[in-house]
Amino acid sequence: MTTTIPTKSALSPVEGPPPGTPGKGRRLKIGAGQHLKGGPYTYLALIVVGLGSVFPLYWTLVAASHDQQRVLDSPPPFIPGGRLWSNLEAAWEQANLGKAIVNSIIVSTSITAATLFFCTLAGYAFAKMRFRGRGVLMTAVIATLTIPPQLSVVPLFMMMSDIGWGGELESVIFPTLVGAFGVFFMRQYLIEALPYELIEAAKVDGASNFRIVWAVVLPVARPAMMVLGMLTFVQAWNDFFWPFLALSQENPTLQVALGQLSASYTPDQSIVMAGALISTLPLLVVFVVFGKQIVGGIMAGAVKG
């Protein structure tokens, strides 16, 4: 009787050459903890995209630092001039930007805080709680995203007038305290990020639903809340259509006040650009202060699943 001893290649036919051994069959595998190195074309593409993103802001700065005649010249200037502070002062006085900035801060902060609170609660309920009609209600929430906001302008305007909020900031804040996109966004995040074991452990310890939300849900949902808060704040800050209809010229938000600068027959484009530069600075400050948390929230949501 002959006994056949299997060779090493028969035991491990897929085993390749040892590390460091040159060979044609060796392949580079990308795994966790490894980084791809970008070549010159990668850096060139990033530089082009970066310059394209920064150029509108730079052009706003250039146009705001020249007079009307120089801005309209051909070719236009590409180097900042010396009229920046005078144009900023003119835009500040002509459009009453001081009050407009305060109103925009109140409106944007209130809408952002309420959206984060209500959308997180609703997203948690739709993601982890079991109740009758949950699917139907979620479908109805998503269906509201297909309705153009212009269709609700007339009934909403009549409702705000009947309540007595015509021309007041409440007419801009209350209709947007919660949004269907925010509810759907938080629901999708919490489905993957929040395990049932944490909720069950909190219930075993005797925690109520609100205690679970405060001690379990909010810490888990923080990355998604940072992203949703940034998107909501930017949208509320830049909103023009509904504040233009709901507010008066004596009590405007920043975007409505900027619209007054270009409402004349021959608006001064340098002053308009100076006002636009003022409206952009708060958004830059928000991103600089919360940029690390916002990017971390985006990356945390990107690696789920």
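Residues numbered from 1 in each chain as written. Predicted model: local features only at pLDDT ≥ 70, side-chain atom pairs only at ≥ 80, totals over all residues. Heavy atoms only, no water.

Caption draft 1: Inspection of the overall build of the protein at higher detail. The secondary structure content of the protein amounts to 14 helices and zero strands. Put simply, 71% of the contacts in the protein that link residues at least 6 apart link residues at least 24 apart. (Helix = DSSP H or I, 4+ residues; strand = E, 2+ residues; numbered from the N terminus. Contact = heavy atoms within 4.5 Å.)

Caption draft 2: Geometry of the packing of helix H9 (residues 180-193) against helix H11 (residues 209-238). Where H9 meets H11, the closest approach of the two axes is 10 Å, and the angle between their N-to-C directions is 145°. For the crossing formed where H9 meets H11, the hand is right-handed. For the pair H9 and H11, the contacting residues are Phe 181, Gly 182, Phe 185, Met 186, Tyr 189, Leu 190 and Ala 193 in the first and Val 217, Val 220, Ala 221, Pro 223, Ala 224, Met 225, Val 227, Leu 228 and Leu 231 in the second. Considering only residue class, the contact of H9 with H11 consists of 15 nonpolar, one polar and no charged. (Axes fitted to C-alpha atoms, helices over the stretch in contact; angles between N-to-C directions. Left-handed = near helix turned anticlockwise from the far one by under 90°. Nonpolar A, V, L, I, M, F, W, Y, C, P; charged D, E, K, R; others polar.)

Caption draft 3: Looking closely at the confidence of the model for the protein. For the protein, the average pLDDT comes to 82, and 83% of its residues sit at 70 or higher. Within the model, pLDDT remains below 50 along residues 7-16, and this stretch shows two contacts once partners closer than five positions in the same chain are excluded. (pLDDT = per-residue confidence, 0-100.)

Caption draft 4: Molecular detail of the pattern of salt bridges. Within this structure, the stated rule accounts for one salt bridge. Among the ionic pairs, Arg 70 bridges to Asp 73, the shortest N-O distance being 3.6 Å. Overall, Asp 73 belongs to the partly exposed group, its relative accessible area being 28%. (Salt bridge = Lys/Arg side-chain N within 4 Å of Asp/Glu carboxyl O. Buried < 20%, exposed > 50% of the residue type's maximum accessible area, 1.4 Å probe, protein only.)

Caption draft 5: Representation of the packing of helix H5 (residues 97-128) against helix H6 (residues 134-143). Between H5 and H6, the least distance of the axes is 10 Å, while the angle of their chain directions is 135°. Looking at the two axes, H5 sits oblique to H6. Judged by the twist between their axes, the crossing of H5 over H6 is left-handed. Here Ala 125, Phe 126 and Ala 127 of H5 come into contact with H6, specifically with Arg 134, Leu 137, Met 138 and Val 141. Split into classes, the residues belonging to the contact of H5 with H6 amount to six nonpolar, no polar and one charged. (Parallel < 35°, antiparallel > 145°, perpendicular 65-115°, else oblique.)

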